[in-house]
Amino acid sequence: MPTDESAAADQQTCSDTYIRSLEEKTAHALERLGGIGAAASAFHFCPSCGSPKLYSVRSRMWKCPTCGFEYFHNVATAAGIIVESKGTILVLRRHKDPMKGRFALPGGFVEPGERAEDAALRECYEEIGWSPSHINFLATFPNVYQYQGIPYATCDVYFFSRGNIIDVEDFHLDPEESDSLQFVHATAIPWAEIAFESTVRALRYFLLHESIGIPPRMPDFDAIE
Ligand SMILES: [Zn+2]
């Protein structure tokens with residue numbers, strides 16, 4: 001029987017091990033997502049003084065040695081919702097790049113001052129003219145969003161809404177965002193055609209941990225180097 005002290009020490013060791021593993025885990029995920037190295041050449045001149053001596057530090061920040069200006073290419077937040085209805089999940093076919101023609105969930109970038117849950121509901125409403133009355137937090141996953149040749153590292157926040165009784169006639173698709181929408185059965189999710197890895201992970205997590213009684217079939221991420 002462990003004493004309280006040894007249990008606390010074990011817990012601390014476990015926490016230390018986990019925190020120490022994060023750097024490697026983060027680096028691995030970033031590499032798998034394609035990295036953000038291409039951001040290094042995004043800016044050539046200091047936006048403050050115009051100096052051509054601007055340089056990037058690990059594609060995450062830029063410094064100007066002439067005037068001291070610093071710019072941070074911080075992680076952006078995006079939010080999306082898994083809308084489940086009768087064992088099926090709503091997917092939208094993207095109308096625009098990146099990943100035009102691939103499937104995505106309703107969602108988008110969080111606006112300044114906005115909560116992630118409100119962003120998820122707002123984006124859903126903007127994209128299909130309907131949003132669920134209640135959502136639950138699911139999980140977050142990293143992503144790299146390529147736009148006009150610049151990689152944007154994001155932290156994608158996923159929510160879910162289960163048990164919806166939906167009449168698709170109520171939906172009004174925004175043609176600027178999506179070409180079509182459909183509800184796909186949980187056993188027939190087109191994994192290879194999902195736009196973003198974070199979405200694959202969120203759907204996988206949802207099917208595993210917020211089970212609707214159907215075991216998922218999905219790519220094995222651990223096998224991907
Ligand atoms: Zn400068």
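Thresholds applied
Residues numbered from 1 in each chain as written. Predicted model: local features only at pLDDT ≥ 70, side-chain atom pairs only at ≥ 80, totals over all residues. Helix = DSSP H or I, 4+ residues; strand = E, 2+ residues; numbered from the N terminus. Buried ≥ 20, exposed ≤ 12 C-beta atoms within 10 Å, placed from the backbone. Contact = placed C-beta atoms within 7 Å. Pairing = 2+ DSSP bridges. Axes fitted to C-alpha atoms, helices over the stretch in contact; angles between N-to-C directions. Domains from an automatic or database assignment. Nonpolar A, V, L, I, M, F, W, Y, C, P; charged D, E, K, R; others polar. Expected span 1.5 Å × (residues − 1). Core = buried A, V, L, I, M, F, W, Y, C linked by C-beta atoms within 7 Å.

Asker: Residues and numbers for the overall build of the chain, please.
Answerer: Looking only at helices and strands, the chain has 3 helices and 10 strands in total. Along the chain, helices (α) and strands (β) appear in the sequence α-β-β-β-β-β-β-β-α-β-β-β-α when read from the amino end. Based on the C-alpha atoms only, the size of the chain along its principal axes is roughly 60 × 60 × 35 Å. Burial status across the chain gives 26% buried among its 225 residues. If you take every contact in the chain between residues at least 6 apart in sequence, the share linking residues at least 24 apart comes to 60%.

Asker: How would you summarise the sheet that holds strand S3 (residues 70–72) if you had to cite specific residues and measurements?
Answerer: Strand order in the open sheet made by the 3 strands is S1-S2-S3, with antiparallel pairing throughout. At either end of the open sheet lies a strand with only one pairing partner, and these are strand S1 (55–57) and S3. Within the sheet, the average angular offset between the axes of one strand and its neighbour, ignoring direction, is 25°. Alignment of strand S2 (residues 61–63) against S3, held across 3 bridges, turns out to be antiparallel. The residue of S3 that forms the bridge with Met61 is Phe72.

Asker: Break down the domain arrangement of the chain for me, citing the residues and quoting the values.
Answerer: Annotation of the chain at the domain level lists domain 1 (22–72) and domain 2 (76–223). Contact with domain 1, which involves 7 residues of that partner, is made by 8 residues of domain 2. Residues belonging to the side of domain 1 that touches domain 2 are distributed by class as follows: 6 nonpolar, 1 polar and no charged.

Asker: Please provide a residue-by-residue account of helix H3 (residues 197–209), values included.
Answerer: The end-to-end C-alpha distance of H3, which contains 13 residues, comes to 18 Å, matching closely the 18 Å that a straight helix rising 1.5 Å per residue would cover. All buried positions along H3 are accounted for by Glu197, Ser198, Thr199, Arg201, Ala202, Leu203, Phe206 and Leu207.

Asker: Tell me about the pairing of strand S5 (residues 88–94), and please be specific about residues and values.
Answerer: Sheet topology note: the strand S4 (residues 76–85)/S5 ladder contains 2 bridges and is antiparallel. Bridged to Glu84 within S5 is Ile89. Following S4, the chain reverses through 2 residues before pairing antiparallel with S5; Lys86 in that reversal takes a positive phi of roughly 50°. In this sheet, strand S10 (residues 178–185) lies alongside S5 in antiparallel orientation, the contact comprising 7 bridges. Note on S10: the bridge partner recorded for Arg94 is Ser178. One ladder, built from 2 bridges, connects S5 with strand S6 (residues 103–104); its direction is antiparallel. Along S6, the bridge assignment pairs Arg93 with Phe103.

Asker: An account of the nonpolar core is needed here, citing residue identities and associated values.
Answerer: Nonpolar side chains in soluble globular proteins tend to be buried together. Counting residues in hydrophobic clusters, the biggest one holds 32 residues, and the most contacted among them are Ala79, Ile81, Ile82, Ala120 and Phe159. Listed by contribution, the elements that provide at least two residues to this core are S4, S5, helix H2 (116–128), strand S9 (150–161) and H3. Broken down by element, the residue count for this core peaks at 6 residues, all from H2. Those residues within four positions of Ala120 in sequence are excluded, and the remaining contacts are Ala79, Gly80, Ile81, Gly107, Ile135 and Phe159. Membership of the second largest hydrophobic core comes to 5 residues, among which are Leu33, Ile36, Ala39 and Ala153.

Asker: Tell me about unusual backbone geometry, and name the residues and values.
Answerer: The residue after Asp97, namely Pro98, is reached through a cis peptide bond having omega 0°. The residue Pro98 is located in the loop between S5 and S6 in this model. Here the phi dihedral of Arg58 falls at roughly 50°; this positive angle occurs in a residue that is not glycine. Looking at the secondary structure, you find Arg58 in the loop between S1 and S2. Since 10 C-beta atoms lie within 10 Å of it, Arg58 is described here as exposed.

Asker: Requested: an account of the environment of Ala78, with residues and values cited.
Answerer: Summarising the element assignment, Ala78 is placed in strand S4. Spatially, the C-alpha atom of Ala78 lies 5.3 Å from that of Val110, the residues being 32 residues apart in sequence. Here Ala78 is in contact with Gly107, Gly108, Phe109, Val110, Thr154 and Asp156, once residues within four sequence places are set aside.

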